[in-house]
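Fold and geometry: a report
Next come the chains, spelled out residue by residue.
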Amino acid sequence: MYFTDRGIEELTDRRGDDEVSLAWLAGRLQEFVDLNPEFETPIERLATWLARLDDEDE
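My aim in this report is to walk through the structure given alongside it, one point at a time. A quick note: this is a predicted structure, and the numbers were derived from the prediction, not measured.

1. Considerations on the packing of aromatic side chains
Inspection of every chain in the model, using the stated rule, returns 1 aromatic pair. When the ring of Phe32 is compared with that of Phe39, the centres are 5.6 Å apart and the planes differ by 40°; the resulting orientation is tilted. Under the relative-accessibility criterion, Phe32 is labelled partly exposed at 34%. Under the relative-accessibility criterion, Phe39 is labelled partly exposed at 37%.

2. A short note on the pattern of salt bridges
Inspection of the entire model under this criterion finds 3 salt bridges. The closest approach of N and O atoms between Glu10 and Arg14, which form a salt bridge, is 3.1 Å. Placement of the pair is Glu10 and Arg14 together in helix H1 (residues 3-15), with a separation of 4 residues, close to one helical turn. On the basis of relative accessibility, which here comes to 64%, the residue Arg14 falls in the exposed class. Across the pair Arg28 and Glu31 runs a salt bridge, and its minimum N-O distance is 3.1 Å. Of this pair, Arg28 and Glu31 both sit in helix H2 (residues 22-35), 3 residues apart, roughly one helical turn.

Basis of the calculations
Position labels on residues start from 1 in each chain and follow its written sequence. The predicted nature of this model means local features are confined to residues of pLDDT at least 70 and side-chain atom pairs, given and counted, to a pLDDT of 80 or more, with totals for whole chains, interfaces and linings taken over all residues. In computing side-chain values, all of the structure's heavy atoms are included and hydrogens and water are not. Planes of paired rings set the category: under 30 degrees apart is stacked, over 60 is edge-to-face and the rest tilted, where pairs are Phe, Tyr or Trp rings (Trp by its six-membered ring) whose centres lie within 6.5 Å. Each residue is assigned to one of three classes by its accessible area relative to the maximum for its type, calculated with a 1.4 Å probe on protein chains only: buried under 20%, partly exposed between the two thresholds, exposed over 50%. The term salt bridge refers to a side-chain nitrogen of Lys or Arg lying within 4 Å of a carboxyl oxygen of Asp or Glu. In this description a helix means any DSSP run of H or I spanning at least four residues, a strand means any run of E spanning at least two, and both kinds are numbered starting from the N terminus.

All we've got here are geometric facts, nothing functional implied.
Below, the structure is given as C-alpha cells:
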C-alpha cells in the first residue's frame, strides 16, 4: 500500500457518494495549487492524465 492510498481511501469514504462536475474538480485542483505551489507539477500531470484517458494514441 502506498502512503497516498490512505488519502484516496478517506476520499472514497467521505465523498464517495458525491457527484461532482469536472469543472468543480478542476477548480478544487487549481485552488490546491494556489495554496500549495510546490505541488504544481504532480497536479498538472494528474490533470493531463485525466484529460487524456480516452485518447487512443497513448
